[in-house]
Amino acid sequence: MDTPVAENSAVTLLYVEDNQAIQKLVARMIIRRFPQLKLVLAENGQEGLDHFITMHPDIIITDIQMPVMDGIQMSRKIKAIDKGAKIIAITAFGDVDSLVESINLGINHYVLKPIKNEKLTAAIEELLKDIQMARQLRMQNEYILQMAYYDSLTGLPNRQLFKEILHQSLAHAQRHKRLLAVLFLDLDRFKVINDTLGHAVGDQLLKAVALRLKQCCRRDEEMVSRRGGDEFIILLPDLDSAQEAVNVARKIIDAFAIAFVIPDRELFINTCIGISLFPNDGDDGETLIKNADMAMYCAKEQGRNRYHLYNPSMDTHAAWRHDMENSLRMAQQRGEFFLNYQPEVNVKTGRIFSVEALLRWQHPELGLVLPNQFIHLAEETGLIMALGEWALRAACAQNKAWQGARHPNQRVAVNLSPRQVQSDNLADMVENVLRETQLAPRWLELEVTEELLLHDLETVIRTLRRLSNLGVHISIDDFGTGYSSLSYLKKLPIHTLKIDQSFVSDITVNHDDSAIAKAIITMAKSLGLNVIAEGVEAEKQMRFLYSLGCWKMQGYFFSTPVSAEEFSPFICKPYRHNKPPQNITTH
Ligand code: C2E
Ligand code: MG
Ligand code: MG
């Protein structure tokens, strides 16, 4: 029997003696000498055995000669239950048979009658030392086991334990022809939180996430484990259908909609989940984990807070990604990138006030590749730094060339990835490019996203302020989709909010979208900021926005992005002459 005990929990001593006078005397002595012990008394072997079974005392002191069941019989039964039970037998001098019997039974100590206090206390002390040592050893072993199999931060099973349990569960699933699912998930932008708010906050968040994941997994056999960093894996054995795994994934995503409360703050964090299933997606643990991981990446590519079931075409996707990454590395040297330009129009005046430069990649085999297919990869690989600088230089040079060709002056808007804005030398780089291309800073606009505001805000503000002081115009792109607590808007040196196109597409029919757009417009005005609506495709959207007081717009309705050669100040002419909104004056 191996009952775990805390190192300092009380040691229990069972004393079995039929002679009440002796029992009283000895018990008193034990209490006096060993006040830390918990003493339990019994009057015969049967009673002693019952106590042993119910409370498993650490030490048993027993008389040999007793009615009902003698000390030898009781000790035999106890040893049959627990070979390691620690017994002190009290025998009468000359009871040789009992002595021999007790030696055979492995009784630890004998004290002869009449009992001498020193002898008994010495025996007890010796056993106490053994017990203490055994407890320490057990604690150490448990600790080692804990370290080897559990994650020290969250207390969840670690990678190793997960692997072993998954292995067993797979064998079970195979035998009983059951389904099993592996869910792989990580936290979106956890690194940003760690870097910005510090590791202590990051750790608290991981603990809170671990707890919430456990709450999403109700059945005992479901196991949440931490793989490392911000990666968690969940094992769902013994399923009837894949739908059950999907249900758990949905439950997790819903659970993440609620803020994680950690000391002094509330954090919202998103997750993406990949699901692989036994037997369809692999029959060994490693394959199932790898495929769930791959499915998670696919979920990520589709946006935040999603789950994705593995399917074999993802292998091709992974290969595709790998190829893309390689050709992306070569593309810049090969001159495969170029910029298209899309005007931003003031509907009130009919004038183009800014032209957004949008990156394009002419891939030798794939043809034209749009930024959504490669910007992400460029960011992950760090290639965005050189690419972004190239785009900035090309856009500024183009705007300067238009000015030289007597186009009306307009800003050129260049998108910046968060990684660029985080870098210490962005302001220097922009200044250099402006100097080289000789474009006056006020004809440059830089578009940043709200995501940026999760980063080290002080550095971001410092960089943006330097740029703003130069005279560069700064806009927040895709506004409304990000994380913003609006309070930061006052702190930032920005000039314009660009309402994300997702609020514009259904603005005339979806009440929520129009309410959000209206709120952004009102807020921008009260903060003295410009506001532009992106993705205006139809006249009714244009009119609606106009009626809300937003008259700066961009979208296919005015012009799609076009090459530098195709671009002209009159590109929005059809709109100006054929479809002027009511009450609009055009100059
Ligand atoms: P964005 O900055 O929000 O750019 C607007 C995107 O919406 C462009 O897609 C544009 O072609 C598209 N668009 C414009 N009008 C309409 C419309 O009426 N309807 C619809 N459905 N779409 C419209 P594009 O060119 O594919 O660029 C996608 C995103 O890629 C950009 O979104 C921007 O975030 C990023 N991007 C583009 N160029 C660069 C760049 O040089 N650097 C960085 N870091 N990101 C870039
Ligand atoms: Mg943009
Ligand atoms: Mg946008």
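Residues numbered from 1 in each chain as written. Chains lettered and ligands numbered in written order. Predicted model: local features only at pLDDT ≥ 70, side-chain atom pairs only at ≥ 80, totals over all residues. Heavy atoms only, no water.

So, on to the coordination of the magnesium ion (ligand 2). At 2.0 to 2.3 Å from the magnesium ion (ligand 2) lie its protein donor atoms, namely E356 (OE), N415 (OD1), E447 (OE) and D477 (OD). Positions of the donor residues of the magnesium ion (ligand 2) along the chain correspond to the pattern E-x58-N-x31-E-x29-D. Between the magnesium ion (ligand 2) and the magnesium ion (ligand 3), a spacing of 4.1 Å is present, and a bridge between the two is formed by D477. Of this pair, N415 sits in strand β16 (residues 411-415) while D477 sits in strand β18 (residues 473-479); the two residues are 62 residues apart in sequence, bridging distant segments of the chain. D477 sits in the buried class, given a relative accessible area of 8%. (Donors = N, O, S within 2.8 Å, 3.2 Å for Na, K, Ca; no water. Helix = DSSP H or I, 4+ residues; strand = E, 2+ residues; numbered from the N terminus. Buried < 20%, exposed > 50% of the residue type's maximum accessible area, 1.4 Å probe, protein only.)

By a frequent convention, interface size equals the accessible area lost on bringing the separate parts together. Segmentation of the protein into domains returns domain 1 (12-149), domain 2 (159-314) and domain 3 (340-570). Each of domain 2 and domain 3 was reduced to a C-alpha centroid, and the two centroids are 36 Å apart. (Domains from an automatic or database assignment.)

Moving on: the site of ligand 1. The full set close to ligand 1 counts 23 residues, and R360, D477, Q501, E537 and Y556 are the nearest of them. In the model, a nitrogen atom of ligand 1 is placed 3.1 Å from a nitrogen or oxygen of the L359 main chain. Considering ligand 1 on its own, with 800 Å² of exposed area, one finds that the protein chains cover 86% of that surface. Taken together, the elements giving at least two residues each to the shell around ligand 1 come down to β14 (351-363) and β18. It is β14 that provides the largest number of residues to the shell around ligand 1, a total of 4 residues. (Near = heavy atom within 4 Å. Polar contact = N/O pair within 3.5 Å; in protein donor to acceptor, adjacent residues only side chain to side chain. Areas by Shrake-Rupley, 256 points an atom, 1.4 Å probe, with all protein chains shown as cover.)

A few words now on unusual backbone geometry. With an omega of -10 degrees, the peptide bond between K113 and P114 qualifies as cis. Put simply, F278 and P279 share a cis peptide bond, and its omega is 10 degrees. Among the structural elements, P279 can be located in the loop between β11 (271-278) and α10 (285-301). If you check the backbone angles, D478 has positive phi at about 50 degrees while not being a glycine. Tracing the backbone through its elements, the reader meets D478 in strand β18. Judged by its relative accessible area of 27%, D478 falls in the partly exposed class.

This next bit is on the side chain of H407. By the secondary structure assignment, H407 is in the loop between α13 (384-404) and β16. Ignoring anything within four residues of it in the chain, the contact list for H407 reads W402, F567, S568 and P569. (Contact = heavy atoms within 4.5 Å.)

Moving on to the environment of I474. Along the chain, I474 turns up in strand β18. Its relative accessible area of 0% is what places I474 among the buried residues. Ignoring any residue separated from it by four or fewer positions in sequence, one finds I474 in contact with L446, V448, L464, L467, S468, P493, I494, H495 and T496.

What follows deals with the coordination of the magnesium ion (ligand 3). Geometry reference: four tetrahedral donors at a metal, ideal angle 109.5 degrees. Six octahedral donors, ideal angles 90 or 180 degrees. Donor atoms from the polypeptide that bind the magnesium ion (ligand 3) are D477 (OD), D478 (OD), E534 (OE) and E534 (OE), placed at 2.0 to 2.5 Å. As a motif over one chain, the donors of the magnesium ion (ligand 3) read D-D-x55-E.

In this section: a nonpolar patch on the surface. Side chains of L99, I103 and Y110 sit close together on the surface and give an oily, nonpolar patch of about 240 Å² of accessible area. Note that Y110 resides in strand β5 (residues 109-113). For Y110, a relative accessible area of 31% gives the class partly exposed. (Patch = residues over 30% accessible without salt bridge, like charges linked within 9 Å, V, L, I, M, F, W, Y side chains within 5 Å. Salt bridge = Lys/Arg side-chain N within 4 Å of Asp/Glu carboxyl O.)

Further remarks concern the nonpolar core. One finds L444 and L497 to be the most contacted residues of the largest nonpolar core, which totals 80 residues. With 7 residues, the top contributor of residues to this core is α13. Other than its neighbours up to four places away in sequence, L444 contacts L392, C396, R411, V412, V414, V430, L434, L439, V472 and H473. If you look at the next biggest cluster of nonpolar residues, it comprises 36 residues, including F190, L206, A245 and L267. (Core = buried A, V, L, I, M, F, W, Y, C linked by side-chain atoms within 4.5 Å.)

Here we come to the state of the cysteines. Enumeration over the complete set of coordinates arrives at 0 disulfides. Left unpaired, C272 is separated from the closest cysteine sulfur, that of C298, by 11 Å. With no disulfide of its own, C572 lies closest to C550 among cysteine sulfurs, the gap being 15 Å. In this structure C572 comes out as buried when scored by relative accessible area, which is 2%. (Disulfide = S-S within 2.5 Å.)

Under the definition given, this model contains 9 aromatic pairs. Their ring planes at 75 degrees and their centres at 5.0 Å tell us that Y341 and W402 sit as a pair that is edge-to-face. Of this pair, Y341 sits in strand β13 (residues 337-346) while W402 sits in helix α13; the two residues are 61 residues apart in sequence, bridging distant segments of the chain. Judged on exposure class, the residue Y341 and its partner W402 are both buried. Centre to centre, the rings of Y546 and W551 are 6.1 Å apart; their planes meet at 55 degrees, and the pair counts as tilted. (Phe/Tyr/Trp six-rings, centres within 6.5 Å; stacked < 30°, edge-to-face > 60°.)

Moving on: the sheet that holds strand β7 (residues 223-228). Taken in spatial order, the 5 strands of this open sheet run β7-β8-β6-β11-β12, and their pairing is mixed. Whereas interior strands pair on both sides, the edge strands pair on one side only; in this sheet they are β7 and β12 (306-309). Between one strand axis and the next, the sheet turns by 20 degrees as a mean value, whatever way the strands run. Alignment of strand β6 (residues 179-187) against strand β8 (residues 231-239), held across 7 bridges, turns out to be antiparallel. Among the inter-strand pairings, F184 is bridged to a residue of β8, identified as I233. Relative to the sheet, helix α6 (residues 159-176) contacts β6, β7, β8 and β11, its axis offset from that of β8 by approximately 20 degrees. Along the sheet, helix α8 (residues 199-216) contacts β6, β7 and β8; its crossing angle with β8, the most-contacted strand, is approximately 10 degrees. (Pairing = 2+ DSSP bridges. Axes fitted to C-alpha atoms, helices over the stretch in contact; angles between N-to-C directions.)

This paragraph deals with the pattern of salt bridges. For the coordinates displayed, the defined rule picks out 19 salt bridges. R411 is the salt-bridge partner of E445, the closest N and O atoms lying 2.9 Å from each other. One end of the pair, E445, is in strand β17 (residues 444-449); the other, R411, is in strand β16, with 34 residues separating them in the sequence. For E445, a relative accessible area of 0% corresponds to the buried category. Salt bridges linked by common partners bring E344, E356, E447 and K498 together as one network.

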